[in-house]
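Tertiary structure, described
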Number of protein chains: 2
Amino acid sequence: MPSLIHFTLDPFSRRMRLALAEYGVPVELIDETPWDPSPDIFELNPAGTLPVYLEDANSPVCGIEAIAEFLEETKGRRTSLIPGDAYERAEVRRLTGWFDTKFYAEVSEPVITEKVIRRFLPREAGGGGMDMARVRQAMVRLREHLDYIGHLADHHVWLAGEHLSIADLAAAAHISAVDYFGDIPWADYPVAKSWFQRMKSRPSFRPLLADTVRGMAPGPHYADLDF
Amino acid sequence: MPSLIHFTLDPFSRRMRLALAEYGVPVELIDETPWDPSPDIFELNPAGTLPVYLEDANSPVCGIEAIAEFLEETKGRRTSLIPGDAYERAEVRRLTGWFDTKFYAEVSEPVITEKVIRRFLPREAGGGGMDMARVRQAMVRLREHLDYIGHLADHHVWLAGEHLSIADLAAAAHISAVDYFGDIPWADYPVAKSWFQRMKSRPSFRPLLADTVRGMAPGPHYADLDF
């Protein structure tokens, strides 16, 4: 069985778990802790980033776009997650990049670093109390992104067009990692909320809703489909 | 004629100029200044990042991976820059991500921000003298990347395998932007240097070697094929 080396709340790992489930590829999950990486990880991926996808033990595929395109090329014949003509596919990839680069830098990276990583890091490596100002600023930027998602979901069925795509998976992966902490002002963003409800209702999403991080219970509505 | 909205020393813009030239697509270059973006740019690309590729005036393609894959899908039939089977293509994309994410964060972003952007930004927006410690640290990290390039170029003809690929273009685009300032210790990295000499000798590279930034002459060996 293929395996995925991942961390529960890592948005990139979550994106790949969603993609594998949507393509119908069963996968064994192998836990990795980004704040204390095992030496093996650098042998599989010199950049040390998660996730790493192993179709078999000898052929690691790593780098988020490399894995996404690999899965589309090898599993996407029946269910395409980069659908459409060249322009439609460009829009899928533009939005995917939006979430993996811009949303990550502005929202999910600061929230996860401050709320999770710092808690587990030794003090000499930057561990300790969270920088609340950094989290607050991320939650302000989050509102701009929820506006943008609302705008997109108001024009199409899914974020990049009429079909589910890796753009939806990327957006939902980042948002759900932040949503674990329960502070997303969903009531102010009904269109984005309705899109996220549809995402959460998909069978591919179910395993993510059962995720927990040691010593940190999820927010009360994290696993609710009606939040 | 297609056009590319770009900034001379932006590594992502350079990567796309190289790709367009390798695919044999003539393009009109439209200058943009990242530190003082025109309002139009946000209409074409909500993220405001460069470059933006316009096959025609009404169809902007933006996001670095979106443009790269769009060009491969629409122009790559004769010359592929993402060559090989699914695993080989994954390696091309992994390395491309390495340079566009890791090399950019560790080397080209700090060097270009400190040496160029700060010079043109108004003081209240972060302009002023460069942070020399940040540049020095980037030049230390650069050595690790030159080692890695040497390791890759020692095993294959090009960085990701036996054929030129977007991984070579990404690496050369980032390195050449740093090389504009003339501080790369090439003598210590003969294998990486020999790979970069081959890149610089390609017709696609020639226009980049003629680049200049207002008020900043390139280093004495920037345009030399024998450096």
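Each remark here, short or long, concerns the structure printed above.
None of these values were measured; they are calculated from a predicted model. (Residues numbered from 1 in each chain as written. Chains lettered and ligands numbered in written order. Predicted model: local features only at pLDDT ≥ 70, side-chain atom pairs only at ≥ 80, totals over all residues. Heavy atoms only, no water.)

Taken together, the contacts link 22 residues of chain A with 22 residues of chain B. For the pair chain A and chain B, the number of links is four salt bridges. Linking glutamate 73 of chain B and arginine 89 of chain A is a salt bridge whose minimum nitrogen-to-oxygen distance equals 2.8 Å. One can count four residue pairs in polar contact (both at pLDDT 80 or more) joining chain A with chain B. Mapped onto the side of chain A that touches chain B, the elements with two or more residues apiece are strand 4 (60–62), helix 3 (64–75) and helix 4 (86–120) of chain A. Ranked by the residues each element gives to the side of chain A that touches chain B, the list is headed by helix 4 of chain A, at eight residues. Within the side of chain A that touches chain B, the residues separate by chemical class into 11 nonpolar, two polar and nine charged. (Contact = heavy atoms within 4.5 Å. Salt bridge = Lys/Arg side-chain N within 4 Å of Asp/Glu carboxyl O. Polar contact = N/O pair within 3.5 Å; in protein donor to acceptor, adjacent residues only side chain to side chain. Helix = DSSP H or I, 4+ residues; strand = E, 2+ residues; numbered from the N terminus. Nonpolar A, V, L, I, M, F, W, Y, C, P; charged D, E, K, R; others polar.)

Another aspect to go through is the relation of the copies chain A and chain B. Superposing chain A onto chain B takes a rotation of 180° combined with a translation of 0.0 Å along the rotation axis, leaving an RMSD of 0.0 Å. The symmetry that links the two subunits is that of a two-fold axis. Residue glutamate 65 of chain A of chain A places its C-alpha closer to the rotation axis than any other residue of that unit, at 4.1 Å. (Least-squares fit on C-alpha atoms with pLDDT ≥ 70 in both.)

Applying the stated criterion across every chain yields a total of 38 salt bridges over all chains. Across the pair aspartate 100 of chain A and arginine 15 of chain A runs a salt bridge whose closest N-O atoms are separated by 2.3 Å. Here arginine 15 of chain A lies in helix 1 (residues 11–23) and aspartate 100 of chain A lies in helix 4, a separation of 85 residues in the sequence. For arginine 15 of chain A, a relative accessible area of 1% gives the class buried. Here the salt bridges do not stand alone but share partners, grouping Glu69, Arg89 and Arg93 of chain A together with Glu73 of chain B into one network. (Buried < 20%, exposed > 50% of the residue type's maximum accessible area, 1.4 Å probe, protein only.)

Turning next to the sheet that holds strand 3 (residues 52–54) of chain A. Residue and element names in this part refer to chain A. In spatial order, the strands read 2-1-3-4; together these four strands make up an open sheet with mixed pairing. Taken across any chain shown, the strands that pair with only one partner, and hence form the sheet edges, are strand 2 (28–31) and strand 4. Each adjacent strand pair in this sheet contributes to an overall mean axis angle of 25°, direction not counted. Strand direction decides the pairing type here: strand 1 (residues 3–6) and strand 3, joined by three bridges, are antiparallel. Bridged to isoleucine 5 within strand 3 is valine 52. (Pairing = 2+ DSSP bridges. Axes fitted to C-alpha atoms, helices over the stretch in contact; angles between N-to-C directions.)

A few words on the environment of arginine 94 of chain B. Positionally, arginine 94 of chain B belongs in helix 4 (residues 86–120). According to the relative accessible area criterion, arginine 94 of chain B is buried, its value standing at 11%. Note: C-alpha distance between arginine 94 of chain B and histidine 155 of chain B (61 residues apart in sequence) is 16 Å. When sequence neighbours within four positions are dropped, the list of residues in contact with arginine 94 of chain B reads Pro46, Cys62 and Ala66 of chain A together with Tyr148 of chain B. Looking at arginine 94 of chain B, its side chain comes within polar contact range of the side chain of glutamate 91 of chain B, at 2.9 Å.

On to the nonpolar core. Grouped together as the largest cluster of nonpolar side chains are 79 residues, with contacts concentrated most on Val116 and Trp195 of chain B. The element contributing the most residues to this core is helix 4 of chain B, with 11 residues. Summarising the domain contributions, this core has at least three residues from each of domain 1 (3–75) and domain 2 (86–209) of chain B. Not counting chain neighbours up to four residues away, the residues in contact with tryptophan 195 of chain B comprise Ile149, Ala153, Trp158, Leu159, Asp168, Ala171, Ala172 and Ile175 of chain B. Formed by 77 residues, the second largest nonpolar core is a distinct cluster that contains Phe7, Trp35, Phe103 and Ala167 of chain A. (Core = buried A, V, L, I, M, F, W, Y, C linked by side-chain atoms within 4.5 Å. Domains from an automatic or database assignment.)

What follows is about the sheet that holds strand 2 (residues 28–31) of chain B. All names here are of chain B. A sheet is described by the order of its strands in space; here four strands give the open sequence 2-1-3-4, paired in mixed fashion. Two strands bound the open sheet, and with one partner strand each, they are strand 2 and strand 4 (60–62). Across the sheet, the mean angle from the axis of one strand to that of its neighbour is 25°, orientation sign disregarded. Of the strands in this sheet, strand 1 (3–6), strand 2 and strand 3 (52–54) touch helix 1 (residues 11–23), which is tilted by about 160° from strand 1.

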